[in-house]
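Here's the letter readout for the chains.
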Amino acid sequence: MGQKRRARGEPRYYSERLIKKLDYLRTVPTTIVEAPPGHGKTTAIRDYLETHVPESVPVYWLTATDELPAACFKRLSRLVFGIDSRAGERLMRIELPNAVTVGEACDALRSIRCDHEAYLVIDNFQLLYTALPASFFVALIEHGGADLHVILITHILKRNVRKAVLGQGFLHVTAADLRLNAGDIQRYYALAGVDITNREARNVASSTGGWIIAVYLQLRTFRERGAFADTSDILTLMDYLIWSRLTGEQQAFLLSMSPLETATTRQLCVLAGCDALPGYALEALENPFIRYDTAERRYEPHSLFRHLMDLKREERGAAFSRACLLRAGDLCRDDGKAVEALWYYRRIGDYERMLSLNLSPLILEDIGGRPFSELALDIARDCPAPIKARYPLSMLRVAWALLSAGLRDAFDVLMKEQRGLPALSEQPALLGEWLLLSSYQRYPDLSEMTAVLKQAAALFKGKVSQVILPDAPWWFGSHTALGEFNVTPGAANREADALEAFIGLYAKLTGGHGAGADVLFRAELAYQRGDIGNAEILAYKAVFLAESKKQSVVQLGATMILAHLALHNADMASWQQAISAMERAASYAPQNTLLIRSLLDIIRGVLFNELQNQKRVAGWLRTGAFLNRPLPPPMIENALFTHLSYLMHEGEFARLTGTAEAQPPRQRGPFRDTLRLLTVAVGQMGMGNPEEAAAIVRFAAQRGLPDALILPFAAYSTILGKMVDDLIETEYPHLYGAFCACRERFLAGWTTLHSAMFPAELPPDLTAREYEVARLAAEGLNNNEIAEKLLVTESTVRTHLRAVFRKLDIDRRARLAEKLR
């Protein structure tokens, strides 16, 4: 029957059909155990492996918790390393897969080699798969270990994951397999020494739904009352059969541990205020709904029992509940778990303890599933003034968090409030910190910002900031220094000099924050002017400076320029090398966060859009879901451009235009305006509004060409055609030669890289545009229809077709289909 005795003599029962089904997990590569809480999933798998698998067979067990997905994935990688060191090392190098690296992660899973029987169990898998692309889930099911058996224990799968794994070969254990029917219940109770009739068994099955946890509680009820409970509510049964049987001391002890998901003996002693657990505490832990993990040496209450304890804690009143959460917070604080401590302190509104923590490393963390910025805003608005006054340094860290989240009004209010504190007049270092932050209030005037920094530097006296740390993402996650600091048309050279002066002082005061950003500005400026040689030198210089201080944002921006340059040089190997290097730039331990991973998606989205490989653009950027992410305003702006660019290449011109018009009408700086305006112009052309498109292109030229930013016009001219060429030739003749050279270099490089990326699409010798024209002609479109579809003139279509006929050695359209097969 597959039953096993509990430590306290209580039998566990598993139906014959479940045991027979679980027998298959020893022969299949993958098993998915899927059911809601309370069905005994974990217990069933643990018991089966203990009783049916020899002790000599290794079992690698991972229990996912409410930790950062990257941390959980790292633990998974270490387990895989124990099975196959080469595959595990690949996963550890990749870290948490994203839309770009998931392919390599999947290859690593499929490359696993295991020549001996072994089991890899991932419990609470639902906490991990939500952070991973569905393709990773599929690869895990298809893992390469011939003798490795993967077991995934999870709550009910989400629809997208279920769809992804449909048709994959795996053993599927469901809630229906785990539930007990009337016959099972009758046999189970008999093993426990309780004989019931068939009718009574059917009633129990009906009232409990066959859930093992509810069936067990009904067994307890029958033993004590001689009759079954008239309710199927599990919490009510737990309350009556388990909780009410505990002494007051035992209840208080369990409530002290209730805020924690798991707890070690040492932690329980701290919470209970004792050196060693007394007998009543040990007896309380001998609970059928509290599991002791011998490997981790931790007690883990069942999720339903934890819910009951939460209710009981709240029933004892706010003061008691506050005391429990306070002890849990202090325990986490003393154990160095500041995020968890902050969550407990926030729940009870203990501002004193919140501000006693070092908040600077926490500003990018989620606190209880919500961004830190929400807590910062709460502190700024509601924390009592006397407490704020006692923690001026912490309040400056709160101000930095508000600024990082784009909450400028709240930042300004708090900065004004802090300036009036006596501590800033009495402690020069604090005033220095305040001045350092206040320099951001002078943005975008770099000369004024630098003047404020000089005042701050005199007060720091060679020390570095305790508020702005090098780990913080530079300029709130924006990878384009040119986009942020190019403010006035025609002033880019002066702005480059001003940014150099600013960074030279700012990076010293902050321990390297923003290092290389000034060089990145010059690299971007050179590239956008078509100065490929200088752009490459400056990009490598920026990478070196940023890498030396682990400035992920700056390094990613400079690496993006190297990828652009690889396209202009028609160098696919260098392009791929730049894409791979971005993963390293994004993986510095303190900065490997959702924000940086999102930035990586944005940058790669720009590059994939550029090569018209839209399928590799991250899903949240394709759908426009960036507004749902807790990202700073500069990153939202960059994500929006990536989204608009995606819509442009997909030909969704109405949606592109509508989305762009829905944004607040503001100037974003010449460079940023130029890119955005040219993208919108394509949308207008696509909707049959050439005059509107021409007006937008002319305005874009007024914004970008005073600084000779010709590269955007050269790239977009391949789509907008003569509209751009004629404008520059007639109104900016001094730039026309450089523009034409830049356009030809871009087209040649684009064709080479696009052909390498899509080798089956382009016949030999045809450019990408020639192939597009030939394909449409082969489909039967006339020259006018092709011109409208590609947003070019009929003359351009005829020119391309003559080139196609010559290269393919044909003399008429009828032969195009044959040649393009």
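Our subject is the structure that appears above.
Calculation notes
- Residues numbered from 1 in each chain as written.
- Predicted model: local features only at pLDDT ≥ 70, side-chain atom pairs only at ≥ 80, totals over all residues.
- Heavy atoms only, no water.
- Axes fitted to C-alpha atoms, helices over the stretch in contact; angles between N-to-C directions.
- Helix = DSSP H or I, 4+ residues; strand = E, 2+ residues; numbered from the N terminus.
- Parallel < 35°, antiparallel > 145°, perpendicular 65-115°, else oblique.
- Left-handed = near helix turned anticlockwise from the far one by under 90°.
- Contact = heavy atoms within 4.5 Å.
- Nonpolar A, V, L, I, M, F, W, Y, C, P; charged D, E, K, R; others polar.
- Buried < 20%, exposed > 50% of the residue type's maximum accessible area, 1.4 Å probe, protein only.
- Phe/Tyr/Trp six-rings, centres within 6.5 Å; stacked < 30°, edge-to-face > 60°.
- Lys NZ or Arg CZ within 6 Å of the ring centre and 35° of its normal.
- Core = buried A, V, L, I, M, F, W, Y, C linked by side-chain atoms within 4.5 Å.
- Salt bridge = Lys/Arg side-chain N within 4 Å of Asp/Glu carboxyl O.

Before going further, it helps to examine the packing of helix H4 (residues 85–94) against helix H5 (residues 102–110). In helix packing, the relevant descriptors are the interaxial angle and the interaxial distance, both defined with respect to the helix axes. Axis separation between H4 and H5 bottoms out at 8 Å; the angle between their running directions is 165°. In terms of orientation, H4 lies roughly antiparallel with respect to H5. The handedness of the crossing between H4 and H5 is left-handed. Here H4 contributes Ala87, Arg90, Leu91, Arg93 and Ile94 to the contact with H5, which in turn contributes Glu104, Ala105, Asp107, Ala108 and Leu109. Split into classes, the residues belonging to the contact of H4 with H5 amount to six nonpolar, no polar and four charged.

Let us look at unusual backbone geometry. Residue Pro444 follows Tyr443 across a cis peptide bond; omega there is 10°. Locating Pro444 in the fold gives a position in the loop between helix H26 (428–438) and helix H27 (446–460). Of note in this structure, Ala570 is not a glycine but carries a positive phi near 55°. As for its placement among the helices and strands, Ala570 is situated in the loop between helix H32 (552–568) and helix H33 (572–585). A positive phi angle is found at Ala708, which is not glycine, with a value near 60°. Of note, Ala708 is situated in the loop between helix H39 (690–704) and helix H40 (711–720). The exposure class of Ala708 is partly exposed, given its relative accessible area of 21%.

Let's shift gears to the packing of aromatic side chains. In this structure the tally under the stated criterion is 25 aromatic pairs. Judged by centre distance (5.0 Å) and plane angle (50°), the ring pair of Tyr443 and Trp475 falls under tilted. Taken as a pair, Tyr443 in the loop between H26 and H27 and Trp475 in the loop between H27 and helix H28 (481–485) lie far apart in primary sequence, 32 residues in all. The class for Tyr443 is partly exposed, based on a relative accessible area of 27%. With relative accessibility at 4%, the residue Trp475 sits in the buried group. Between Trp474 and Tyr506, the ring centres sit 5.8 Å apart and the planes meet at 65°, which makes this aromatic pair edge-to-face. Taken together, the positions of Trp474 in the loop between H27 and H28 and Tyr506 in helix H29 (residues 492–509) put the pair 32 residues apart, joining distant regions of the chain. Exposure class is identical for Trp474 and Tyr506. Each is buried. Between Arg46 and the ring centre of Trp61, over which it is positioned, the NZ or CZ distance is 3.9 Å. The side chain of Arg225 reaches across the aromatic face of Tyr240, ending 4.0 Å from its centre.

Its place among the elements puts Ala108 in helix H5. In sequence terms Ala108 and Gly406 are 298 residues apart; their C-alpha atoms lie 39 Å from each other. What Ala108 contacts, discounting residues up to four positions off in sequence, is Ala87, Arg90 and Leu91.

This part covers the nonpolar core. Membership of the largest hydrophobic core comes to 216 residues, with the highest contact counts inside it found for Leu254, Phe305, Phe372, Trp400, Trp474 and Trp575. Take this core: its biggest share by element is 11 residues, from H32. Setting aside chain neighbours within four positions, we find Trp474 in contact with Tyr440, Phe485, Phe502, Ile503, Tyr506, His513, Gly514, Ala517, Gln551, Val553 and Val554. Residues Leu62, Phe73, Leu76 and Ala108 belong to the second largest nonpolar core, which totals 37 residues.

A few words now on the pattern of salt bridges. This structure, assessed with the given rule, holds 29 salt bridges. In this structure, the salt-bridge partner of Arg266 is Asp335, at a minimum N-O distance of 3.0 Å. With Arg266 in helix H15 (residues 265–272) and Asp335 in the loop between helix H18 (318–334) and helix H19 (338–348), this pair connects stretches of sequence that are 69 residues apart. A salt bridge links Asp673 to Arg703, with the shortest nitrogen-to-oxygen separation between them at 3.0 Å. In this pair, Asp673 is assigned in helix H38 (residues 670–686) and Arg703 in helix H39, connecting sequence segments 30 residues apart. The class of Asp673 is buried, set by a relative accessible area of 4%. On the accessibility criterion, Arg703 (7% relative accessible area) is buried. Sharing partners across several salt bridges, the network here consists of Arg322, Asp330, Arg333, Asp334, Asp350 and Arg353.

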